[in-house]
Every structure is written in C-alpha cells, then in structure tokens.
Amino acid sequence: MPRVWVAVTIRRVLFALATSAGWERAVRGVPGGERGAYRLARSYVAGTRQQDALACAHRLAAAGLASSIDFFGENISDPI
C-alpha cells in the first residue's frame, strides 16, 4: 500500500471525526474525554479561549513567525 494513500486515508478519517457531531457528543460524554481530546490536539491548537490564541500568536510574532487564527466550528448549523 503506497504511503501517500495511507496518509490521505488517515487525513480523511481524522477530518471526518473532527467534523462529526456524533463523535463530539461521544467524546464529551466520556469522563475525561474532552480533556484527553485536547491533550492529543494541543500541538495543533493554541488553546480553548480567544485569549489563548492571541497570546500564542503574539509569542510567535515575537519570534519572527507568522501565524493565523481559525475558529473550529465552521461547519456548524446552530448559531447558538
């Protein structure tokens, strides 16, 4: 099996999980699930609050690195 195919498949599976309302409910329903999910994602996610993201962007800028801030949840249908 070619490595590229495996990488693409893994990316598709992870995207499907990241955008799945059912998966989110399941993770939040398990004791410690949300904390564990964040622990797995923390190298990709600046934090859980706007202030966390801004602080991270400022630290990166001070080190001469550019960054962007995205709000996960762009596929939601309920505006809250």
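The rules we used
Residues numbered from 1 in each chain as written. Predicted model: local features only at pLDDT ≥ 70, side-chain atom pairs only at ≥ 80, totals over all residues. Heavy atoms only, no water. Helix = DSSP H or I, 4+ residues; strand = E, 2+ residues; numbered from the N terminus. Buried < 20%, exposed > 50% of the residue type's maximum accessible area, 1.4 Å probe, protein only. Areas by Shrake-Rupley, 256 points an atom, 1.4 Å probe, with all protein chains shown as cover. Salt bridge = Lys/Arg side-chain N within 4 Å of Asp/Glu carboxyl O. pLDDT = per-residue confidence, 0-100. Patch = residues over 30% accessible without salt bridge, like charges linked within 9 Å, V, L, I, M, F, W, Y side chains within 5 Å.

### As for the overall build of the chain
Argument step 1. Of the regular secondary structure elements, the chain holds four helices and zero strands.
Argument step 2. Traced from its N-terminal end to its C-terminal end, the chain shows the element sequence α-α-α-α.
Argument step 3. Buried residues in the chain amount to 9% of all 80 residues.
Argument step 4. Accessible surface, the chain: about 7400 Å² in total, of which carbon and sulfur atoms supply 61%.

### Regarding the pattern of salt bridges
Argument step 1. All told, the structure shown has three salt bridges when counted by the stated rule.
Argument step 2. The residue glutamate 24 makes a salt bridge to arginine 28 at a minimum N-O spacing of 2.9 Å. Of the two residues, glutamate 24 and arginine 28 both sit in helix α2 (residues 21-29), four residues apart, roughly one turn of that helix.
Argument step 3. Arginine 28 is paired through a salt bridge with glutamate 34; the nearest N and O atoms lie 3.3 Å apart.
Argument step 4. Judged by relative accessible area, which is 52%, arginine 28 ranks as exposed.
Argument step 5. When its relative accessible area of 46% is taken as the criterion, glutamate 34 is described as partly exposed.
Argument step 6. In this structure, a network of salt bridges that share partners links the residues Glu24, Arg28 and Glu34.

### Observations regarding the confidence of the model for the chain
Argument step 1. Scored by pLDDT, the chain comes out at a mean of 85, with 88% of its residues at no less than 70.
Argument step 2. Within the chain, helix α1 (residues 3-18) has the poorest average pLDDT of any element, 84, and helix α4 (residues 50-62) the best, 94.

### A word on a nonpolar patch on the surface
Argument step 1. Together, Trp5, Val6, Ile10, Val13, Leu14, Leu17 and Trp23 line one region of the surface with nonpolar side chains, adding up to about 650 Å² of accessible area.
Argument step 2. Among the elements that make up the nonpolar patch, the one with the highest residue count is α1 (six residues).
Argument step 3. When you line up the elements, leucine 14 lands in helix α1.

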